[in-house]
Amino acid sequence: MSNYIFAQCDTVELVKKYDTPLYVVSEDYIVDRIAEIKEDFIEKYDNVWAVYASKAFLTKEMARIVNREGIGIDVVSGGELYTAIKADFPMDKIIFHGNSKTYEELEMAIINEVGRIVVDNLDELHQLNELAKKYDKVINILYRITPGVSIDTHKYIQTGQVDSKFGVPLGEDRIYEAIEKAINSSNINLLGFHFHVGSQLHKNNTHLEAIEIGINVMREAKEKFDFETKELNVGGGFGIKYADSENRKPIAFFTEPIMEKIISTCSKFKLNMPKIIIEPGRWIVGEAGITLYNINSVKEIPNIRTYVGIDGGMPDNPRPSLYNAKYEAIIANKVDEKPTELVTIAGKCCETGDILIWDLKVPKIQSGDILAVLSTGAYNYSMASNYNKIPKPAVVMIKDGVDRIIVKRETYDDILRNEV
Ligand SMILES: Cc1ncc(COP(=O)(O)O)c(C=O)c1O
Ligand SMILES: N[C@@H](CCCC[NH3+])C(=O)O
């Protein structure tokens with residue numbers, strides 16, 4: 001009987017060593033994805049750049065890996081910025097996002113000389129300019145625009161539609177008022193524009209539609225204010241494989257048409273080519289991760305369904321309950337056995353909706369078996385909570401078949417550390 005091998009490691013042995021639930025992340029996979037971005041995007045075109053959207057998965061070690069591989073990082077909160085600082089990430093390679101940044105977060109970004117701040121609204125611009133004056137700095141910014149496109153993904157992970165909390169809306173010339181204000185702000189250096197249309201996209205048409213809209217803003221800004229756009233950041237959102245019916249596309253599937261479209265549209269309108277930035281998160285790390293669980297119980301409701309209770313669920317992976325996200329899984333200690341039954345993988349929270357997988361085909365299983373849920377590298381550890389006072393799992397990173405702990409398992413005392 002053989003066990004499931006992930007990133008050259010026997011997952012059952014990992015469980016013996018580190019216990020469950022356990023996030024396991026392949027460094028080799030992450031390095032391969034970044035290498036693909038370098039080869040097919042960064043080295044292929046002039047004046048382009050990639051930053052990793054760290055909200056997908058961020059630890060100090062992840063920031064060190066991304067830095068070593070030579071791309072930038074996007075952060076979206078003081079906490080993510082702090083993690084990057086503690087990992088000695090070069091501050092000029094950081095882009096700071098966020099639709100509702102606090103005064104303290106803006107101040108932190110300024111003091112630490114973050115490379116670019118993506119400004120979401122005019123209140124933020126005003127605060128930033130005042131803070132920049134206080135610290136006698138000039139801040140590089142991009143405006144996040146809301147392109148107003150329709151997006152083929154779950155409603156909760158669409159971002160670029162007209163009715164969105166993200167970015168400066170394009171209706172009623174709001175963006176031109178914002179551009180003029182930025183140009184006239186003493187301590188602001190407007191570099192250009194950013195949009196992010198949505199996440200887990202398997203088609204490239206939405207990016208292309210948004211590019212047309214973005215370049216139109218560039219064109220009008222040139223006409224109205226003689227403003228030359230130096231940077232256009234087209235966001236991330238490139239999809240990965242979760243279910244068997246999906247496939248991760250090569251990065252070039254997105255970047256080639258993106259670059260073609262930008263080059264041809266800029267040339268049509270006689271605009272200089274700006275620096276083009278992409279921000280993949282999930283695409284770099286999603287398939288790099290799996291989660292290992294112990295099966296606690298197998299409960300059959302005759303003629304209805306069989307619930308398989310595991311030692312994790314919603315707190316370590318909220319995506320199924322939040323977005324109805326689908327996952328594939330295997331029984332790690334029974335990979336050679338034929339799937340014969342259909343079961344439902346139930347999380348351990350006191351919550352009916354805490355179901356990780358509704359229908360999973362498995363061989364005959366029993367308590368003590370190990371479940372490996374696949375493609376959990378993105379938005380699992382980073383979205384984990386302590387609901388029901390459940391400690392967060394450890395994270396093990398694997399390189400060349402050698403495992404090392406990068407985040408220790410939380411203890412009950414860790415959960416209570418700030419309580420009086
Ligand atoms: C501004 C921005 N950039 C990049 C990303 C990365 O998204 P993904 O992980 O889907 O590539 C997101 C999240 O959707 C985002 O909001
Ligand atoms: N957290 C989401 C995506 C949000 C991406 C950031 N805007 C997910 O798991 O799919």
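Residues numbered from 1 in each chain as written. Chains lettered and ligands numbered in written order. Predicted model: local features only at pLDDT ≥ 70, side-chain atom pairs only at ≥ 80, totals over all residues. Heavy atoms only, no water.

A. Quick look at the site of ligand 2. Every residue close to ligand 2 is listed here: Lys 55, Ile 157, Arg 282, Arg 319, Tyr 323, Tyr 379 and Met 383. In this structure, an oxygen atom belonging to ligand 2 sits 2.7 Å away from a side-chain N or O atom of Arg 282. Contact between ligand 2 and Tyr 323: a nitrogen atom at 2.9 Å from a side-chain N or O atom of the residue. Out of a free accessible area of 310 Å², ligand 2 has 83% covered by protein chains. (Near = heavy atom within 4 Å. Polar contact = N/O pair within 3.5 Å; in protein donor to acceptor, adjacent residues only side chain to side chain. Areas by Shrake-Rupley, 256 points an atom, 1.4 Å probe, with all protein chains shown as cover.)

B. How the structure looks around the side chain of Asn 129. Structurally, the position occupied by Asn 129 is in helix 6 (residues 122-134). Once residues within four sequence positions are removed from consideration, Asn 129 is found in contact with Ser 185, Ser 186, Asn 187 and Ile 188. (Helix = DSSP H or I, 4+ residues; strand = E, 2+ residues; numbered from the N terminus. Contact = heavy atoms within 4.5 Å.)

C. Representation of the packing of aromatic side chains in the model. Under the defined criterion, the tally for this structure stands at eight aromatic pairs. Here the aromatic rings of Phe 193 and Phe 227 are separated by 6.2 Å at their centres, their planes lie at 75 degrees, and the arrangement is edge-to-face. Taken together, the residues Phe 193 in strand 10 (residues 188-194) and Phe 227 in the loop between helix 8 (205-225) and strand 11 (231-233) connect sequence positions 34 residues apart. Overall, Phe 193 belongs to the buried group, its relative accessible area being 0%. Under the relative-accessibility criterion, Phe 227 is labelled buried at 8%. Within the aromatic cluster, the residues linked to one another by ring pairs are Tyr 23, Phe 57 and Tyr 381. The aromatic ring of Phe 96 is capped on one face by Lys 101, whose charged end is 6.0 Å from the ring centroid. (Phe/Tyr/Trp six-rings, centres within 6.5 Å; stacked < 30°, edge-to-face > 60°. Buried < 20%, exposed > 50% of the residue type's maximum accessible area, 1.4 Å probe, protein only. Lys NZ or Arg CZ within 6 Å of the ring centre and 35° of its normal.)

D. The arrangement of the packing of helix 5 (residues 103-111) against helix 6 in detail. Taken N-terminus to C-terminus, the directions of helix 5 and helix 6 make an angle of 45 degrees; their axes are 10 Å apart at the nearest point. Put simply, helix 5 runs oblique to helix 6. For the element pair helix 5 and helix 6, the recorded crossing hand is right-handed. Note on element contacts: helix 6 touches helix 5 through Glu 124, Gln 127, Leu 128, Leu 131, Ala 132 and Lys 134, opposite Tyr 103, Leu 106, Glu 107 and Ile 110. Residues belonging to the contact of helix 5 with helix 6 are distributed by class as follows: six nonpolar, one polar and three charged. (Axes fitted to C-alpha atoms, helices over the stretch in contact; angles between N-to-C directions. Parallel < 35°, antiparallel > 145°, perpendicular 65-115°, else oblique. Left-handed = near helix turned anticlockwise from the far one by under 90°. Nonpolar A, V, L, I, M, F, W, Y, C, P; charged D, E, K, R; others polar.)

E. Summary view of the site of ligand 1. Near ligand 1, the surroundings consist of 15 residues, among which His 196, Ser 199, Glu 279, Arg 282 and Tyr 379 are the closest. Here a nitrogen atom of ligand 1 and a side-chain polar atom of Glu 279 are 2.7 Å apart. Relative to its free-state accessible area of 390 Å², ligand 1 is covered by the protein chains to the extent of 93%. For the shell around ligand 1, a count of residues per class yields three nonpolar, seven polar and five charged.

F. Representation of the pairing of strand 7 (residues 116-119). The side-chain alternation of strand 7 yields two buried faces, one formed by Arg 116 and Val 118 and the other by Ile 117 and Val 119. Relative to strand 7, strand 6 (residues 94-96) runs parallel, the two being bridged by two bridges. Within strand 7, the residue paired with Phe 96 across the bridge is Ile 117. Regarding topology, helix 5 serves as the crossover connection from strand 6 to the parallel strand 7, and that connection is right-handed. Bridge analysis of strand 7 against strand 8 (residues 139-146) gives three bridges, and the strand direction is parallel. The residue of strand 8 that forms the bridge with Val 118 is Leu 142. In this fold, the crossover linking strand 7 to strand 8 by way of helix 6 has right-handed handedness. (Pairing = 2+ DSSP bridges. Right-handed = clockwise from strand over helix to strand, strands pointing away.)

G. Region of the structure containing the UniProt feature "binding site: substrate" (unreviewed entry) in the chain. Mapped onto the present numbering, the UniProt feature "binding site: substrate" (unreviewed entry) falls at Arg 282, Arg 319, Tyr 323, Glu 351 and Tyr 379. Spanning 98 residues, the named residues are also spread out in space, since their farthest C-alpha pair is 27.1 Å apart. Relative to the helices and strands, Arg 319 resides in helix 11 (residues 319-323). For Arg 319, a relative accessible area of 3% puts it in the buried group. Beyond its immediate chain neighbours, meaning those up to four positions away, Arg 319 contacts Tyr 242, Arg 282, Asn 324, Ala 325, Tyr 327, Ala 378, Tyr 379 and Asn 380. (UniProt positions renumbered as here; feature names shortened; annotations may be inferred.)

H. Up close: the nonpolar core. One finds Ile 30, Tyr 52, Ile 141, Tyr 143, Phe 193 and Leu 371 to be the most contacted residues of the largest nonpolar core, which totals 107 residues. By residue number, the principal contributor to this core is helix 8, which donates seven residues. Excluding residues within four positions of it along the chain, Phe 193 makes contact with Leu 142, Tyr 143, Ile 145, Ile 175, Ile 179, Val 217, Met 218, Phe 227, Thr 229, Glu 231, Leu 232 and Asn 233. In terms of nonpolar packing, the next biggest core, distinct from the first, is built from 17 residues, Val 15, Tyr 18, Leu 292 and Ile 370 among them. (Core = buried A, V, L, I, M, F, W, Y, C linked by side-chain atoms within 4.5 Å.)

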